[in-house]
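Chain residues, written in single-letter form:
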Amino acid sequence: MASQTTSGSLPARQPFAVQRGLLGAVRVITRFATRQPLGFAGGAIVTVFVFLAIFADVVAPYDPHAIDLRARLQGPSSAHWLGTDQVGHDVLSRLIYGARLSLMIGFGAVIISSSIATVLGLLSAYIGGWLDTIMQRFIDAWIALPDLVILITFAGIVRRIPDANMIMALLFALAFLRIAPATRLIRSVVLELRGRPFIEAAESAGATPLRAMVQHVLPNVFPLIFITATVALPGAILAEAALSFLGLGPAGEASWGQMLSVDGRDFFRRQPGLAIWPGVAIALSVFGFNMFGDALRDILDPRLRGRR
């Protein structure tokens, strides 16, 4: 009977625990909105774009590649809320699928670059010596390379390769550009942490360099990694849009930059929405990620907590 009473009392406690968890989440969101209104607005914009990217197949009213020449260059209507382009594509559907492409490339590039930069920054700062010297001279030359020229050259080479996956190529190209500055930033923080008493205590207790880096240094660097990754996302989105605008993006894919490309500029006067809506989408996404990243920096960076 005792075991039945104990097991039977668990379902009664679960709703209270869930309710308390929901109330706590509401309080956190309310506090965040009060203290960081721009950051909250940016987070809301980011949430909307992420939702559209994930559920584009459900949310988009039409296939983004469906052509209807009878409905070309139409203005906003009940059938096409944002109108159509020069070949009858639904503009709203292409905007929604463009969010998927931009966020997929942006998040993928940031995840790859952050992972590699974290490993390189930890090794360079913690091990030091000749390894740090060689890596920093290599990173100096890496940072000196012009980003846009590298991207255009890389995209031009990849497009000449038969059956090349342009999305994966852009993803790794954007990740390549961000590794060097992120490594330099992480290295500077690790150098500061290495002189802290808790690191010296761990080393005195017999912790190996690998264990000290993973268990003691990395948790203290992770907030910085998360913040820099959030702030780097707008740059990746803009870079993808710029390459698509120049005709070097993924061929056949719905993209914000491709919607603004030269092929559609002759039709902007007849259908101004072809220029307005992709520009608004790019501006809103960049604004949202920038404001949200700045708010996270103010919250997670202990040096900034007492300033606002």
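Structural data are supplied above this passage.
For the structure given in this document, a descriptive report is provided here. Nothing here was measured: the structure is a model prediction, and the numbers come from that model.

Bringing the overall build of the protein chain into the picture now. A count of helical and extended segments in the protein chain gives 12 helices and zero strands. In the protein chain, the order of α-helices and β-strands from amino to carboxyl end is α-α-α-α-α-α-α-α-α-α-α-α. Taken over 308 residues, the protein chain has a buried fraction of 41%. A separation threshold of at least 6 residues defines the contact pool for the protein chain, and within that pool the share at least 24 residues apart is 71%. Per element, the accessible surface of the protein chain, about 17,300 Å² overall, is 67% carbon and sulfur.

The next subject is helix α9 (residues 209-245). Here α9 spans only 47 Å end to end across 37 residues, well under the 54 Å set by a 1.5 Å rise per residue. The axis of α9 is deflected most strongly, by about 55 degrees, at Leu218, and proline Pro219 appears within four residues downstream.

Before going further, it helps to examine the side chain of Ser114. With respect to the element layout, Ser114 can be found in helix α4 (residues 91-127). Taking relative accessible area as the criterion, Ser114 reaches 10% and is therefore assigned buried. Within the structure, Ser114 has its side chain in polar contact with the side chain of Arg178 (distance 3.1 Å).

Before going further, it helps to spend a moment on the pattern of salt bridges. In the structure shown here, the tally under the stated rule is five salt bridges. With a shortest N-O distance of 3.5 Å, Asp57 and Arg100 are connected by a salt bridge. Here the residue Asp57 occupies a position in helix α3 (residues 56-59), and Arg100 occupies one in helix α4, the gap between them amounting to 43 residues. By relative accessible area, Asp57 is classed as exposed at 53%. Of the charged contacts, one joins Asp68 and Arg70 as a salt bridge, the two residues approaching to 3.6 Å between their closest N and O atoms. Each of Arg137, Asp140 and Arg184 takes part in a single network of salt bridges with overlapping partners.

Of all hydrophobic cores here, the largest spans 31 residues; its most connected members are Phe49, Val91, Leu95, Leu103, Trp256, Ile282 and Phe289. Where this core is concerned, the elements lending two or more residues are α2 (37-54), α4, α9, α10 (256-259) and α12 (273-300). Top element by residues in this core is α4. It accounts for eight residues. Beyond its immediate sequence surroundings of up to four residues, Leu95 is in contact with Leu82, Trp256, Met259, Trp277, Pro278 and Ala281. Counting residues in hydrophobic clusters, the runner-up holds 18 residues, among them Leu101, Ala109, Ile167 and Ala169.

Here we come to the packing of aromatic side chains. Applying the stated criterion across every chain, the model contains six aromatic pairs. Seen from their ring centres, Phe51 and Phe55 are 4.9 Å apart, and the 45 degrees between their planes marks the pair as tilted. The partly exposed category is assigned to Phe51, whose relative accessible area is 45%. Seen from their ring centres, Trp142 and Phe176 are 4.8 Å apart, and the 35 degrees between their planes marks the pair as tilted. Separated by 34 residues along the polypeptide, Trp142 in helix α5 (residues 129-144) and Phe176 in helix α7 (residues 166-194) bring together distant segments of the chain. Taking relative accessible area as the criterion, Phe176 reaches 35% and is therefore assigned partly exposed.

Considering the arrangement of structural elements, one finds Leu103 in helix α4. Taking C-alpha positions, Leu103 is 10.0 Å from Val46, a pair spaced 57 residues apart along the chain. Once residues within four sequence positions are removed from consideration, Leu103 is found in contact with Phe49, Val50, Ala53, Gly108, Ile237 and Phe289.

The next point concerns the environment of Ala175. Examined against the element boundaries, Ala175 turns out to sit in helix α7. The exposure class assigned to Ala175 is buried, which follows from its relative accessible area of 1%. In this structure the C-alpha to C-alpha distance between Ala175 and Ile112, which are 63 residues apart in sequence, comes to 6.1 Å. Among all residues touching Ala175, those that are not within four sequence positions of it are Ala109, Ile112 and Ser113.

So, on to a nonpolar patch on the surface. A cluster of nonpolar residues, Phe51, Ile54, Phe55, Val58 and Val59, forms a patch on the protein surface that exposes about 480 Å² of accessible area. Summarising the element assignment, Val59 is placed in helix α3.

Attention now moves to the packing of α2 against α12. The contact between α2 and α12 brings their axes to 7 Å, and the two run at 130 degrees. Of the possible angle classes, the one that applies to α2 and α12 is oblique. Judged by the twist between their axes, the crossing of α2 over α12 is left-handed. Across the interface between the two elements, Leu38, Gly39, Gly42, Gly43, Ile45, Val46 and Phe49 of α2 pack against Ala281, Leu284, Ser285, Phe287, Gly288, Phe289, Met291, Phe292 and Ala295 of α12. Across the contact of α2 with α12, the residue classes break down as 11 nonpolar, five polar and no charged.

This paragraph deals with the side chain of Ser113. Along the chain, the position of Ser113 falls in helix α4. A residue is classified by how much of its surface remains accessible, and Ser113, at 0% relative accessible area, is buried. There is a polar contact of 3.1 Å between the side chain of Ser113 and the backbone oxygen of Val110.

What counts and what doesn't
- Residues numbered from 1 in each chain as written.
- Predicted model: local features only at pLDDT ≥ 70, side-chain atom pairs only at ≥ 80, totals over all residues.
- Heavy atoms only, no water.
- Helix = DSSP H or I, 4+ residues; strand = E, 2+ residues; numbered from the N terminus.
- Buried < 20%, exposed > 50% of the residue type's maximum accessible area, 1.4 Å probe, protein only.
- Contact = heavy atoms within 4.5 Å.
- Areas by Shrake-Rupley, 256 points an atom, 1.4 Å probe, with all protein chains shown as cover.
- Expected span 1.5 Å × (residues − 1).
- Bend = angle between axes of the 7 residues up to and from the residue.
- Polar contact = N/O pair within 3.5 Å; in protein donor to acceptor, adjacent residues only side chain to side chain.
- Salt bridge = Lys/Arg side-chain N within 4 Å of Asp/Glu carboxyl O.
- Core = buried A, V, L, I, M, F, W, Y, C linked by side-chain atoms within 4.5 Å.
- Phe/Tyr/Trp six-rings, centres within 6.5 Å; stacked < 30°, edge-to-face > 60°.
- Patch = residues over 30% accessible without salt bridge, like charges linked within 9 Å, V, L, I, M, F, W, Y side chains within 5 Å.
- Axes fitted to C-alpha atoms, helices over the stretch in contact; angles between N-to-C directions.
- Parallel < 35°, antiparallel > 145°, perpendicular 65-115°, else oblique.
- Left-handed = near helix turned anticlockwise from the far one by under 90°.
- Nonpolar A, V, L, I, M, F, W, Y, C, P; charged D, E, K, R; others polar.

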